[in-house]
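Take a look at the letters that make up each chain.
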Amino acid sequence: METSLVILKPSAILHGYVGQIITRFQQKGLVIRGMKMMQLSEELLREHYAHLVDRPFFPDLLHSMMASPVIVMALWGNDAVEVVRIMTGATNGRKALPGTIRGDFSMSGQENIIHASDSPANAEIELKRFFSPDEIFSYLPTSLAYTYEPAEMK
Ligand code: TYD
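Residues numbered from 1 in each chain as written. Predicted model: local features only at pLDDT ≥ 70, side-chain atom pairs only at ≥ 80, totals over all residues. Heavy atoms only, no water.

J.: Could you give me a rundown of the site of the ligand, with the residues and numbers involved?
T.: With respect to spatial proximity, the complete set of residues near the ligand consists of Lys9, Tyr49, His51, Leu52, Phe57, Leu61, Arg85, Thr91, Arg102, Gly109, Gln110 and Asn112. Arg102 places a side-chain nitrogen or oxygen 2.9 Å from an oxygen atom of the ligand. Isolated, the ligand exposes 500 Å² of accessible area, and the fraction of that covered by the protein chains is 78%. Among the residues forming the shell around the ligand, the class breakdown is 4 nonpolar, 5 polar and 3 charged. (Near = heavy atom within 4 Å. Polar contact = N/O pair within 3.5 Å; in protein donor to acceptor, adjacent residues only side chain to side chain. Areas by Shrake-Rupley, 256 points an atom, 1.4 Å probe, with all protein chains shown as cover. Nonpolar A, V, L, I, M, F, W, Y, C, P; charged D, E, K, R; others polar.)

Pasting the structure below:
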């Protein structure tokens, strides 16, 4: 089992899509092990998007990500990072397939509704960036035995 870090971006908050997006994750069988609202700072975003700071769109990205508070989530499950990325869809909402979150809620490369960790290694780094250890809860939902076969609960 592994945990992915998801951010419901200002484009999700300001459109009022929070409930619909959280419902999708829960319906899929991902377990919410952490969730909180926070206002992102420029300092944190420069760290989180370090691979993009030199790109011409970075000032607009900063502005977009600070337009409102965001909701950060820790989602737990088997192959959670890959599953959440599949559910997220391509970076540009206009290219993302219908049925994906970006495909269904976004028309934009920047206002693309959510962030999702792109690898298990980055998920570990990102979880530490946005959550303290006491904000992650290791409970097991009673439905787990009917979400996975025994061999999948590893
Ligand atoms: P990136 O890490 O490439 O994509 P993803 O979010 O799918 O992992 O980019 C991070 C964010 O930067 C992306 O969600 C939106 C923004 N962005 C732009 O605004 N314009 C761009 O051309 C790219 C590549 C990203």
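J.: Tell me about the pattern of salt bridges, residues and numbers included.
T.: For the coordinates displayed, the defined rule picks out 4 salt bridges. Salt-bridge contacts for Lys36 lead to Glu135; the nearest nitrogen and oxygen are separated by 2.9 Å. Highlighted residues: Lys36 in strand E2 (residues 31-38) and Glu135 in the segment after helix H7 (120-130), separated in sequence by 99 residues. Residue Glu135 is classed as partly exposed on the basis of its relative accessible area of 27%. Put simply, Arg46 and Glu42 hold a salt bridge, and the shortest N to O gap is 3.0 Å. Placement of both Arg46 and Glu42 in helix H3 (residues 42-48) is noted, with a separation of 4 residues, approximately one turn of the helix. (Salt bridge = Lys/Arg side-chain N within 4 Å of Asp/Glu carboxyl O. Helix = DSSP H or I, 4+ residues; strand = E, 2+ residues; numbered from the N terminus. Buried < 20%, exposed > 50% of the residue type's maximum accessible area, 1.4 Å probe, protein only.)

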